[in-house]
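Structural overview for review
Listed below are the residues making up each chain.
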Amino acid sequence: MNEPKKIWPYGLLLGTLALAVLAAALLSLSIGPAAIGFGDFWRAVFEGAFDMPALIAREIRIPRMILAAAIGASLGLSGAAMQGLLRNPLAEPGVIGVSGAAALGAVIALYTGLSAAFALALPLMAMLGAVLAMGFLYILARRQPLSGLILAGVALASLSGALTALVLNLSPNPFAVYEIMFWMMGSLSDRSMTHVFLGLPFMVIGWVMLLASARNLDALSLGEETALSLGVNLKRTRALVIFGTALSVGAAVAVSGVIGFIGLVVPHILRPFVGHRPAHLLPVSALGGALLLLLADIFVRLLTPGTELKLGVVTALIGAPFFLWLVLRQRNGGPS
Amino acid sequence: MSLTISNLAVTIPQCAIIRNVSLSLQKGELVGLIGANGAGKSTLLKAILGIRPKQDKKQTGLVQLQGQDITKLSPRARARRIAYMPQEHRVEWDLSVRDVVALGRFAHQSWLGSPSAKCAKIIDDCMTRTEITSLTTRPFSVLSGGEKARVLLARAMAGQTPFLLADEPIAALDPLHQLQVMNLLRQSAQNGQGVLAVIHDLTLAMRFMDRVLLMNRGELIAQGPPQKVLTEENLANAFGITPLSGQYQGEDWLIPWEKSDE
């Protein structure tokens, strides 16, 4: 018999996480080789100063912080929504192939040299890959029960993986392969405000779509038939989650490369704190994802200031064992 | 207000699950839907709600609520009029008992889903009536079968719909809880709800139901008061059994006794 777990009041949980995100964001701004003070950020943002510290603040530190927070939020939020829709704690954006398809688009841009000719070709191609793949998935699984969606998604994920491998295989230039491999590991270094302006709008639209599905995900926890009987529009819910994920994660991968495990781990950690309610889990996971990626990015910069470890490598390196530990602990401690 | 089903048929390729079923359900009556496994009872309930998750299922016929075609109603408007309690006692995430019951108010809340004081009162009331108040914060997964059934019944009651369709609400319950749930359903009917419940227990059907509908291989073969429908001939037809019956203090009773002779 397990005792009911301590559930945090929802408002308190949101507030605490938001404060933690804010603190991590400030910490993120303060880290880097150059000493930049608060005054420099003030001058960079509000006075439009053009001296070196202000430029570093505006062109390097601020975009990096915004992207870490926004990408983390996208991954956490869409992971929680995907798990709620598929009612499977192992679901994450990668499972239905959105990350893989975005990566494929980016890899094609790198391979064809498009990205060398035109810098924004890479994120644009990645977005295109994600949206095309999700549109295809939606049409494919439209008339199937939700379990069909997972199967189609898994097939799509392996297909994009195979096509990415094919591109690498055919690549005549070892430098291109090197560049592609490095990009795929996921990173936030050398991103600018351009990346923010390019990615953030899509992410925000995706967030709105995902959050709009939240309440229906609550009803879905009683099963598809009961949810239908409660007045849930299942088709619309499915479309909101799929395309919301496509937009937010597609934009995230387009800007940063593939960053794994956040979409899986964050909802999993936070679920008990919201009493397992899918609707409450969404905003909380967005904040948790932002927090985790900000911290991971700070960790990466502190640990190896010279040759930076790739962010995607670190999230997987820490995330995978942690996830394993979490799962084993829950299995030993009674029903999860 | 009444729920009228006319000429309903559900087919999958090369097989008719339900053939030409017509019936009506009035507010304030408790109606039992009986028939052997596979007779089409669950399919009939889902067809009334318009729930067809599987492909290749074709449905014809008309379901009307107070003369209005139910497929013309929005899902939300329909949910406010008909509640459904499925056969499986499953909740996917480890929600607390109160959160599960609160989902019964789903169609009455705005999309932000902040429950009003009125909703909270209705939820508390349903929990009191089903005697699950002591379980409020328990996770659903640790409950016994009987507790789960009562929680899901409270959830279905919380919608305060004019009609309730319940798929085997007393399956897998011990005798005490079977009687408790049957009494709750009768109470709901007395409060003006029209209740249609799939039931396999012929004894309880005889005792509690105002009317029973007997299905056999997708067809409605008899309907009316239990005494008129649960006859030796009909039971031999639909189930292949012979009942034992009699009277106790002026009430008819019936128990399934043996396999009937061919």
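Treat the numbers as computed from the prediction; the structure is a model and nothing was measured. (Residues numbered from 1 in each chain as written. Chains lettered and ligands numbered in written order. Predicted model: local features only at pLDDT ≥ 70, side-chain atom pairs only at ≥ 80, totals over all residues. Heavy atoms only, no water.)

**Considering the interface of chain B and chain A**
We apply this condition: Should any heavy atoms of two residues lie within 4.5 Å, those residues are counted as being in contact. Note: buried area is the sum, over both parts, of the accessible area (probe 1.4 Å) each one loses when the two are combined. By definition, a salt bridge exists where a carboxyl oxygen of Asp or Glu is found within 4 Å of a side-chain nitrogen of Lys or Arg. Distance and chemistry together define a polar contact, namely a pair of N or O atoms within 3.5 Å, with one atom able to donate a hydrogen and the other to accept it when in protein, and with adjacent residues in sequence counting only for side-chain atoms on both sides. Starting at the N terminus, helices and strands are each numbered in turn, a helix being any DSSP run of H or I of at least four residues and a strand any DSSP run of E of at least two. Each residue receives one of three labels: charged for Asp, Glu, Lys and Arg, nonpolar for Ala, Val, Leu, Ile, Met, Phe, Trp, Tyr, Cys and Pro, and polar for the others, Gly being one of them.
Between chain B and chain A, the residue contacts involve 33 residues of the former and 32 residues of the latter. Buried area between chain B and chain A, both sides added, is near 2,900 Å², and the carbon and sulfur share of it is 60%. Summed over the shared surface of chain B and chain A, the result is 2 salt bridges. Residue Glu225(A) pairs with Lys46(B) through a salt bridge whose shortest N-O separation is 3.1 Å. At the surface where chain B touches chain A, the tally comes to 5 residue pairs in polar contact (both at pLDDT 80 or more). Elements supplying a minimum of two residues to the side of chain B that touches chain A: α1 (41-49), α2 (75-79), β6 (82-85) and α3 (97-102) of chain B. Ranked by residues supplied to the side of chain B that touches chain A, first place goes to α2(B) with 4 residues. Here the residues of the side of chain B that touches chain A sort into 18 nonpolar, 6 polar and 9 charged.

**A word on the sheet that holds strand β1 (residues 2-12) of chain B**
Residue and element names in this part refer to chain B. Rules: What makes two strands pair is DSSP finding at least two bridges between them. All axes are obtained by fitting lines to C-alpha atoms, using only the stretch in contact for helices, and the reported angles, taken between N-to-C directions, cover 0 to 180 degrees.
Ordered by their spatial adjacency, 4 strands build an open sheet running β2-β1-β4-β5, and the pairing between neighbours is antiparallel. Two strands lie at the open edges of the sheet, namely β2 (15-26) and β5 (68-69), each paired on one side alone. Sheet analysis places strand β4 (residues 58-65) next to β5, joined by 2 bridges and oriented antiparallel. Its bridge partner lying in β5, Gln64 is registered against Asp69. Strands β1, β2 and β4 of the sheet are contacted by α1, whose axis makes an angle of about 115° with β1.

**Digging into the sheet that holds β6(B)**
Adjacent strands of a sheet pair through backbone hydrogen bonds, lying either parallel or antiparallel. Residue and element names in this part refer to chain B. Taking strand neighbours across the sheet as the criterion, the 6 strands line up as β6-β7-β8-β3-β9-β10 in an open arrangement whose pairing is mixed. Taken across any chain shown, the strands that pair with only one partner, and hence form the sheet edges, are β6 and β10 (219-224). Neighbour-to-neighbour, the strand axes of the sheet open up by a mean angle of 15°, direction not taken into account. Pairing analysis gives 5 bridges linking strand β9 (residues 211-216) to β10, with the strands arranged antiparallel. Following the sheet pairing, Leu213 is matched in β10 by Gln223. The sheet strands contacting α1 are β3 (30-35), β6, β7 (163-166), β8 (194-198) and β9, and the helix crosses β3 at an angle near 135°.

**So, helix α5 (residues 145-158) of chain B**
Note: α-helices contain 3.6 residues per turn, so residues at a spacing of three or four share the same orientation. Residues and elements named next belong to chain B. To keep things clear, this is the line we draw: By this rule the span expected of a helix is its residue count minus one, scaled by 1.5 Å. We call a residue buried when its accessible area falls under 20% of the maximum for its residue type, exposed when it is over 50%, and partly exposed in between, using a 1.4 Å probe and counting protein chains only.
End to end, α5 covers 20 Å across 14 residues, agreeing with the expected 20 Å (1.5 Å per residue, within 8%). Counting buried positions along α5 yields 13 of 14 residues, so the element is predominantly enclosed. Positive backbone phi, approximately 50°, marks Gln160, located one or two places after α5.

**Focus on the environment of Thr130(B)**
Residues and elements named next belong to chain B. On the secondary structure map, Thr130 appears in the loop between α4 (117-129) and α5. For Thr130, the contacting residues outside a window of four places in its chain are Arg150, Leu153, Ala154, Met157, Gln180 and Leu184. Only 2.8 Å separates the side chain of Thr130 from the backbone oxygen of Cys126, close enough to count as a polar contact.

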